[in-house]
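# Observations on the three-dimensional arrangement
Each chain, letter by letter, is given below.
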Amino acid sequence: MINFATLICKKMKTRSLKKFMYLSIAAAVVTIGLKFTAYLKTGSMGFFSDALESFVNLFAAVIALILLHISEKPADEGHEYGHGKAEYFSSAIEGALILIAAFSIIYTSIPRIIHPQPLENLGIGTLFSVGASLVNLFAGTLLIQNGKKHRSMVLEADGKHLMTDVWTSAGVIAGVLVVKFTGLLVLDPIIAILVALNIVYTGYKLISRSASGLMDASIPQEEIKQITGYFDSLKGKNIDYHSLLTRQAGHRKFISFHLLVPGDWTVKEGHDYAEIIEQRIENMFDDTVTVTTHIEPIEDPLSLNDIKIDRMNYSDDGDFDT
C-alpha cells in the first residue's frame, strides 16, 4: 500500500522528470542556432549534417515530453495497469530518429565526396560548433544520470541521443580541422559519414531495448535476486514460494508469486502474512511496484501443480525440458 507521503514524493518526481525534458528542448533550440551559424559561416557539409541532427533532437525531445506525460498518467478503466509502456515508444522513436539522422548525413555527404567544395571561416565556425557540443554534453550527461537514478527510459534515451550528437560534433570538428591543415576537401564528407555509421549503433540499441520492454521483459536479474534472497530467508519458518513472475513497464514493476503457508492457518493469518511480504518487496525498490500474491497450503501436493505457471517447460538454462 502507498501512503500519502509516498504519493507526494512521486508527484514531485513527475515534475522533476518533466523539468529535465524542458531542458532537453531548450538545449536543442540553442544548438540548432549555433550549428546552423557554423554551417552558414563555413559551408561545411559536416557542420550542415550536424545541424540537421539537432533538428531531430528537438523533434525527439518534444515527443519524449509528450510520452513522458502519458506514461505518468494513473491507471484507468481502459489501462488498468497504467500507462508506463509509453516510455518504450519514446525510446523506440528516438532510436528511429537517430537512424534517420545518420542516414541523412550519409545521403547529404556523398555528393560532396564526388564534388568537393571549398570551406571558409573554419575558425569561427568551429567555435560555434564547440559551443553547441558543450551545451549538448551538459544536457546529455544530466539526462542520463537522472534517467538511471529515476529508472526513466525516456530521460536516459534522450540523454543518449544528445550524447550521440556530441560525438557527431566531435567527429565533424576533427574533420574540419584536418581539412584546414591538409587542404583535402574530400575528408569533410568522409568523416561525416564515418561519424554517422558510428551513431547507427546507438539507434539500434535504443530500438532493441524498447522492443524488449514491449515484450514484457522481466526486471533486472540483480533485483530478482533481492526478492529470491528474501524468500529463501523465510523457508525455515515453514514458508515457501514458487512461480515468481516479473515484468517492467517504464518505471513501474509488476511482481507476482505463489506463497505457500501452513494449511492450518486461517484466511486472515495467510492474508496478513502476505501483506507483510508484499510491503517488504515494495520497499526494496524506489519505483512504483505492484505485487500480486496467490496463497496456497504448503502441505498440499496440488499446490505444486502450477509451479511452472507461464513458464511452459523451460529449464533453468533456457532450453525446453523433455
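Residues numbered from 1 in each chain as written. Predicted model: local features only at pLDDT ≥ 70, side-chain atom pairs only at ≥ 80, totals over all residues. Heavy atoms only, no water.

## Observations regarding the pattern of salt bridges
- As enumerated under the stated definition, the model contains four salt bridges in all.
- For Lys 253, the salt bridge is made with Glu 223, and the minimal N-O distance between the two is 3.5 Å. With a gap of 30 residues between them, Lys 253 in strand 2 (residues 252-261) and Glu 223 in helix 7 (residues 221-232) connect regions that are remote in the sequence.
- Since its relative accessible area comes to 0%, Lys 253 is described here as buried.
- As a salt-bridge pair, Asp 272 and Lys 268 come within 2.7 Å of each other at their nearest N and O atoms. (Salt bridge = Lys/Arg side-chain N within 4 Å of Asp/Glu carboxyl O. Helix = DSSP H or I, 4+ residues; strand = E, 2+ residues; numbered from the N terminus. Buried < 20%, exposed > 50% of the residue type's maximum accessible area, 1.4 Å probe, protein only.)

## Points about the packing of aromatic side chains
- Scanning the model with the defined rule gives five aromatic pairs in all.
- Taken together through their ring pairs, the aromatic side chains of Tyr 230, Phe 231, Tyr 241 and Phe 257 make up a single cluster.
- Over the ring of Phe 20 we find Lys 19, and its NZ or CZ is 5.5 Å from the ring centre.
- Directly above the aromatic system of Phe 254 lies the positively charged group of Arg 247, at a separation of 4.1 Å from the ring centroid. (Phe/Tyr/Trp six-rings, centres within 6.5 Å; stacked < 30°, edge-to-face > 60°. Lys NZ or Arg CZ within 6 Å of the ring centre and 35° of its normal.)

## Looking at the sheet that holds strand 2
- With respect to topology, three strands assemble into an open sheet ordered 1-2-3, the strand pairing being mixed. One side of each edge strand has no neighbouring strand; the edge strands of this open sheet are strand 1 (240-249) and strand 3 (288-297). Ignoring strand direction, the axes of neighbouring strands in this sheet form an average angle of 10°.
- Pairing analysis gives 10 bridges linking strand 2 to strand 3, with the strands arranged parallel. Counted as the bridge partner of Phe 254 is Thr 290 from strand 3.
- Contacts between helix 7 and the sheet are confined to strand 1 and strand 2, with strand 1 contributing the most and set at about 160° to the helix. (Pairing = 2+ DSSP bridges. Axes fitted to C-alpha atoms, helices over the stretch in contact; angles between N-to-C directions. Contact = heavy atoms within 4.5 Å.)

## Some remarks on unusual backbone geometry
- Positive phi outside glycine occurs at Ser 243, with the angle close to 55°.
- Note that Ser 243 resides in strand 1.
- For Ser 243, a relative accessible area of 6% puts it in the buried group.

## Here we look at a nonpolar patch on the surface
- Where nonpolar side chains cluster on the molecular surface, the patch consists of Ile 110, Ile 113, Ile 114, Ile 190, Leu 194 and Leu 197 and spans about 520 Å² of accessible area.
- At the level of elements, helix 3 (86-114) and helix 6 (187-214) are the ones that each hand at least two residues to the nonpolar patch.
- For Leu 197, the location among the structural elements is in helix 6. (Patch = residues over 30% accessible without salt bridge, like charges linked within 9 Å, V, L, I, M, F, W, Y side chains within 5 Å. Areas by Shrake-Rupley, 256 points an atom, 1.4 Å probe, with all protein chains shown as cover.)

## Examining helix 4 (residues 122-149)
- Between its terminal C-alpha atoms helix 4 stretches 40 Å, which fits the 40 Å expected from 28 residues at 1.5 Å a residue.
- In the stretch just after helix 4, Arg 151 is the one whose phi turns positive, near 55°. (Expected span 1.5 Å × (residues − 1).)

## Comments concerning the pairing of strand 2
- Strand 2 sits mainly inside the fold: eight of its 10 residues count as buried.
- Judged from the eight bridges that link them, strand 1 and strand 2 form a sheet pairing that is antiparallel. For Arg 247, the partnering residue across the bridge sits in strand 2 and is Phe 254.

## Quick notes on the packing of helix 4 against helix 5 (residues 153-182)
- It is at 7 Å that the axes of helix 4 and helix 5 come closest, and there the two elements cross at 155°. By the criterion of interaxial angle, the relationship of helix 4 to helix 5 is roughly antiparallel. Remark: the crossing between helix 4 and helix 5 carries left-handed chirality. (Parallel < 35°, antiparallel > 145°, perpendicular 65-115°, else oblique. Left-handed = near helix turned anticlockwise from the far one by under 90°.)

## Notes on the packing of helix 2 (residues 45-71) against helix 5
- The contact between helix 2 and helix 5 brings their axes to 10 Å, and the two run at 175°. What the angle tells us is that helix 2 and helix 5 run roughly antiparallel. Contacts between helix 2 and helix 5 involve Gly 46, Phe 47, Asp 50, Glu 53, Ser 54, Val 56, Asn 57, Ala 60, Ala 61, Ala 64 and Leu 68 from the first element and Val 154, Asp 158, His 161, Leu 162, Thr 164, Asp 165, Thr 168, Ser 169, Val 172, Ile 173 and Val 176 from the second.
- Looking at the contact of helix 2 with helix 5, its residues break down into 11 nonpolar, seven polar and four charged. (Nonpolar A, V, L, I, M, F, W, Y, C, P; charged D, E, K, R; others polar.)

## Observations regarding the confidence of the model for the chain
- Taken as a whole, the chain shows an average pLDDT of 78; of its residues, 87% reach a score of 70 or greater.
- The secondary-structure element of the chain with the lowest mean pLDDT is helix 1 (residues 4-42), recorded at 73, while helix 8 (residues 267-282) shows the highest, at 92.
- A low-confidence stretch, residues 1-14 stays under pLDDT 50, and its non-local contacts, those more than four residues away or across chains, total 12 contacts.
- In this model, residues 311-316 is a region of pLDDT below 50 whose contacts with residues beyond four sequence positions or in other chains number 11 contacts. (pLDDT = per-residue confidence, 0-100.)

## Quick notes on a negative patch on the surface
- Among the surface-exposed residues, Asp 264, Glu 269, Glu 299 and Asp 300 lie close enough to one another that they form a single negatively charged patch.
- By relative accessible area, which is 48% here, Glu 299 ends up partly exposed. (Lys, Arg positive; Asp, Glu negative; His and termini not counted. Charge placed at Lys NZ, Arg CZ, Asp CG, Glu CD.)

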